[in-house]
Amino acid sequence: MNTSGNNTRPSVLRRLAVLLTGMMLGLGAVVGLSTSASAVTQAQAESAFRAAGITWSSSGGCTDRTNPTCTSFDGLRQTSVDGARTLRSASGCALNITGGTETGHAGGTYSHANGYKLDFSLSSCLTSYVTNTFTYVGTRSDGARLYRSGAGNEYAQEGSHWDVTFHTCGGC
């Protein structure tokens, strides 16, 4: 009795599964699917922001992620870095980041701590750009006016700043 067909089929299926898995991982890298490995360091974010002409400040003059008076970029998602750079380029506005991944912000999946959000100083240029370019979608539970870009990023006008959630890089 010939059993080579029975032994070959699992081997071929295993090879096919490995090949398909590799192709999917490669496709994910090509289209830019984010992973937990997409977090950047403080130095990487600073370099990218500096190159884009984006400034940052903190009331404590520091970058320690565990200090709420600091502005930290440690653990910021690459998508958020790229989204800020796209915002700077598209708006033509001077941007100053006042909040990043430091402690002291609200929690949740799409939070500052998880690298999805940045806070930007209020300016007439940025406010005009957001309110005239993006879609007003109502108010958040905290009363902040909420706008959504075509790329799905959310801009909440809080009292002293814009709280921006970057779901994508915004067309980078």
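As the structure is a computational prediction, the values presented were derived from the model and not from experiment.

S.K.: Just checking my understanding: could you explain the confidence of the model for the protein chain for this structure?
M.R.: On average, residues of the protein chain score 83 in pLDDT, and 78% of them reach the 70 mark or higher. Every residue in residues 1-6 is under pLDDT 50, and counting partners more than four places away or in other chains gives zero contacts. In the model, residues 12-37 has pLDDT below 50 throughout and makes three contacts with residues more than four positions away in sequence or in other chains.

S.K.: I keep staring at the packing of helix 3 (residues 78-91) against helix 4 (residues 124-133) and nothing clicks. Help me out?
M.R.: The description of two packed helices rests on the angle between their axes and on the distance between the axes. For the pair helix 3 and helix 4, interaxial distance at closest approach is 11 Å and the crossing angle is 95°. Between helix 3 and helix 4, the angle falls in the class roughly perpendicular. The segment helix 3 lies against helix 4, with Leu87, Ala90 and Ser91 engaging Cys125, Leu126 and Tyr129. Residues belonging to the contact of helix 3 with helix 4 are distributed by class as follows: five nonpolar, one polar and no charged.

S.K.: For this particular structure, what's the right way to read the state of the cysteines?
M.R.: Put plainly, a disulfide is one covalent bond tying together the sulfur atoms of two cysteines. Under the definition given, this model contains two disulfides. Each sulfur in the disulfide pair Cys62 and Cys70 lies 1.9 Å from the other. Residues Cys62 and Cys70 are joined through a disulfide that is left-handed, its torsion about the S-S bond being -100°. Take Cys62: its relative accessible area is 23%, and that puts it in the partly exposed class. Note that Cys93 is cross-linked by a disulfide to Cys125, the S-S spacing being 2.0 Å.

S.K.: What exactly am I supposed to notice about the packing of helix 2 (residues 42-52) against helix 3 here?
M.R.: Orientation of helix 2 relative to helix 3, taken along the N-to-C sense of each, is 10°, at an axis distance of 10 Å. By the criterion of interaxial angle, the relationship of helix 2 to helix 3 is roughly parallel. Residues Ala45, Ala48, Phe49 and Ala52 of helix 2 form the contact with helix 3, whose own contacting residues are Val81, Ala84, Arg85 and Arg88. A per-class count over the contact of helix 2 with helix 3 returns six nonpolar, no polar and two charged.

S.K.: I would appreciate a short explanation of the nonpolar core in the present structure.
M.R.: Soluble, globular proteins show a tendency: their nonpolar side chains are buried together. Core analysis: the largest hydrophobic core is formed by 24 residues, its most contacted members being Phe49, Leu118, Phe120, Val130, Tyr155 and Trp162. Among the secondary structure elements, those contributing two or more residues to this core are helix 2, helix 3, strand 3 (117-121), helix 4 and strand 7 (161-165). Not counting chain neighbours up to four residues away, the residues in contact with Phe120 comprise Ala84, Leu87, Leu95, Asn96, Ile97, Thr98, Leu126, His161, Trp162, Val164 and Phe166.

S.K.: What exactly am I supposed to notice about the pairing of strand 4 (residues 135-139) here?
M.R.: Within a regular strand, side chains alternate between the sheet's two faces. Here strand 4 runs beside strand 5 (residues 145-148); their pairing, made up of four bridges, is antiparallel. Bridging across to strand 5, Tyr136 finds its partner in Tyr147. In this structure, the hairpin formed by strand 4 and strand 5 is closed by a connection of five residues, where Gly143 is found at a positive phi of approximately 90°.

The rules behind each value
Residues numbered from 1 in each chain as written. Predicted model: local features only at pLDDT ≥ 70, side-chain atom pairs only at ≥ 80, totals over all residues. Heavy atoms only, no water. pLDDT = per-residue confidence, 0-100. Contact = heavy atoms within 4.5 Å. Axes fitted to C-alpha atoms, helices over the stretch in contact; angles between N-to-C directions. Helix = DSSP H or I, 4+ residues; strand = E, 2+ residues; numbered from the N terminus. Parallel < 35°, antiparallel > 145°, perpendicular 65-115°, else oblique. Nonpolar A, V, L, I, M, F, W, Y, C, P; charged D, E, K, R; others polar. Disulfide = S-S within 2.5 Å. Buried < 20%, exposed > 50% of the residue type's maximum accessible area, 1.4 Å probe, protein only. Core = buried A, V, L, I, M, F, W, Y, C linked by side-chain atoms within 4.5 Å. Pairing = 2+ DSSP bridges.

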